[in-house]
Amino acid sequence: MRKIVILTGAGISAESGLGTFRAEGGLWAQHRIEDVATPEGFARDPKLVMDFYNARRAQAAAAAPNAGHEALARLEAGFSGEVVVVTQNVDDLHEKAGSEQVMHMHGALKGALCGTCDHRWPAPAVMHPGDTCPVCQAPTARPDIVWFGEMPYDMEEIFGHLSEADLFVSIGTSGNVYPAAGFVAEAKRQGAVTLEFNLEPSEVGSHFDDIRLGPATQTLPAWVDEILAS
Ligand code: APR
């Protein structure tokens, strides 16, 4: 086996204390997506949106990677082939655990983006409506997060990785949101073996050759031990 492509979702960060979206009391039970995760919501009430991401940025900054993140970093370091993590998460827990090949297809809380000139820079801990872009000075700074209705990042590169994957692994994602939810079907079409880690089968669970149920902090270390021993 030469290449493992891993998709992660909010479930891998749940045991680090970061809320998931669709569980009971999850983020989308506390806030309406259209208010805090769309360009229209940002235009309507930029302070509400900035405050939402300021809170999530502070929470993520204070969070520690868990045994699931650490297992993936150990896999990348010890595996003879290539390991690519494509994450829907906007926290930096994969990087904090030591993973290096990480692609943030939904952006990152640590990033800021200019709505005028597309410049990106490290986000301050707290952002305010009207913050200016350090390059073009326009008062249009926003969190570098991909909102609903916007195009996820690095899609061409991600589909390139999927076409080369020998093994596609999905961890802690409910399979509700495309294009990420479509990755398993694409990997399978390209000949990959497919494996899902979750507390329960996701919406796209039927596409997986194998599903391992349980908390990622337990299932991932055991799986990485298996892979590195084989
Ligand atoms: N271990 C493994 N899986 C877990 C754990 C855990 N400890 N805790 C929760 N899960 C699983 C849940 O069973 C669920 O399938 O993680 C998944 C979380 O699903 P969502 O809350 O829908 O999060 P996610 O799939 O990452 O959402 C995708 O939707 O709102 C957008 O942009 C946002 O990136 C997000 C995208």
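Let us look at the structure shown here. (Residues numbered from 1 in each chain as written. Predicted model: local features only at pLDDT ≥ 70, side-chain atom pairs only at ≥ 80, totals over all residues. Heavy atoms only, no water.)

Let's shift gears to the overall build of the chain. A tally of regular secondary structure across the chain gives 10 helices and 9 strands. A total of 230 residues make up the chain; the buried ones form 50% of that total. At a minimum sequence separation of 6, the contacts of the chain that also span at least 24 residues come to 64%. Accessible surface, the chain as shown: approximately 10400 Å² in total, 54% of it carbon and sulfur. The distance from the centre of the 16 positive side-chain charges to the centre of the 31 negative ones in the chain is 2 Å. (Helix = DSSP H or I, 4+ residues; strand = E, 2+ residues; numbered from the N terminus. Buried < 20%, exposed > 50% of the residue type's maximum accessible area, 1.4 Å probe, protein only. Contact = heavy atoms within 4.5 Å. Areas by Shrake-Rupley, 256 points an atom, 1.4 Å probe, with all protein chains shown as cover. Lys, Arg positive; Asp, Glu negative; His and termini not counted. Charge placed at Lys NZ, Arg CZ, Asp CG, Glu CD.)

Before going further, it helps to examine the site of the ligand. Lining the immediate environment of the ligand, one finds 21 residues, of which Phe 21, Arg 22, Thr 173, Ser 174 and Asn 198 sit closest. One nitrogen or oxygen atom from the main chain of Gly 172 is found 3.2 Å from an oxygen atom belonging to the ligand. Here an oxygen atom of the ligand and a side-chain polar atom of Thr 173 are 2.7 Å apart. Notes on the ligand: free accessible area 730 Å², of which the protein chains cover 90%. Across the shell around the ligand, the residue classes tally to 9 nonpolar, 10 polar and 2 charged. A domain split of the shell around the ligand shows at least three residues from each of domain 1 (1-17 + 66-106 + 152-230) and domain 2 (19-62 + 108-145). (Near = heavy atom within 4 Å. Polar contact = N/O pair within 3.5 Å; in protein donor to acceptor, adjacent residues only side chain to side chain. Nonpolar A, V, L, I, M, F, W, Y, C, P; charged D, E, K, R; others polar. Domains from an automatic or database assignment.)

The next thing to look at is helix 8 (residues 155-164). Listing the buried residues of helix 8 in full gives Met 155, Ile 158, His 161 and Leu 162. The buried residues of helix 8 occupy an angular sector of 120° when projected down its axis, which confines them to one face. Where helix 8 is buried, its residues meet strand 1 (3-8), strand 2 (82-87), strand 3 (102-104), strand 7 (167-171) and helix 9 (183-189). (Arc of directions from axis to C-beta.)

Our focus in this paragraph is the nonpolar core. Within the largest apolar cluster, 24 residues are counted, with the highest numbers of intra-cluster contacts made by Tyr 53 and Trp 147. A total of 5 residues in this core trace back to one element, the largest contributor, which is helix 5 (residues 46-62). Formed by 20 residues, the second largest nonpolar core is a distinct cluster that contains Ala 71, Val 83, Val 169 and Val 224. (Core = buried A, V, L, I, M, F, W, Y, C linked by side-chain atoms within 4.5 Å.)

Interhelical geometry of helix 6 (residues 67-78) versus helix 10 (residues 216-229) gives an angle of 15° and a closest axis separation of 7 Å. Relative to helix 10, helix 6 is oriented roughly parallel. As helix 6 runs across helix 10, the sense of the crossing is left-handed. On helix 10, the residues that touch Ala 67, Gly 68, Ala 71, Leu 72, Arg 74, Leu 75 and Gly 78 of helix 6 are Ala 216, Thr 217, Leu 220, Pro 221, Trp 223, Val 224, Asp 225, Ile 227 and Leu 228. Taken together, the residues that form the contact of helix 6 with helix 10 break down as 11 nonpolar, 3 polar and 2 charged. (Axes fitted to C-alpha atoms, helices over the stretch in contact; angles between N-to-C directions. Parallel < 35°, antiparallel > 145°, perpendicular 65-115°, else oblique. Left-handed = near helix turned anticlockwise from the far one by under 90°.)

Moving on, we get to unusual backbone geometry. The linkage connecting Tyr 178 with the following residue, Pro 179, adopts the cis geometry, with an omega of 5°. The topology assignment puts Pro 179 in the loop between strand 7 and helix 9.

What follows is about the packing of aromatic side chains. Evaluated as defined, the whole model comprises 9 aromatic pairs. Centroid distance Trp 28 to Phe 148: 6.4 Å. Interplanar angle 65°. Geometry classified as edge-to-face. On the criterion of sequence distance, the pair formed by Trp 28 in helix 2 (residues 27-30) and Phe 148 in the loop between strand 6 (141-145) and helix 8 is long-range, its members being 120 residues apart. Relative accessible area serves as the criterion here: at 19%, Trp 28 is assigned to the buried category. Overall, Phe 148 belongs to the partly exposed group, its relative accessible area being 35%. Between Phe 42 and Trp 147, the aromatic rings sit 5.2 Å apart at their centres with planes inclined by 45°, giving tilted as the arrangement. (Phe/Tyr/Trp six-rings, centres within 6.5 Å; stacked < 30°, edge-to-face > 60°.)

Our next topic: the pattern of salt bridges. What the rule picks out here adds up to 16 salt bridges. Among the ionic pairs, Lys 47 bridges to Asp 51, the shortest N-O distance being 2.7 Å. Linking Lys 47 with Asp 51, this pair stays in helix 5, spanning 4 residues, or about one helical turn. Exposure remark for Asp 51: the relative accessible area of 37% places this residue in the partly exposed category. Ionic pairing is found between Arg 142 and Glu 150, a salt bridge with its closest N-O pair at 2.9 Å. A relative accessible area of 11% means that Arg 142 is categorised as buried. On the basis of relative accessible area, Glu 150 is assigned to the partly exposed category, the value being 25%. The structure contains a network of salt bridges with shared partners spanning Arg 32, Glu 34, Asp 35 and Arg 44. (Salt bridge = Lys/Arg side-chain N within 4 Å of Asp/Glu carboxyl O.)

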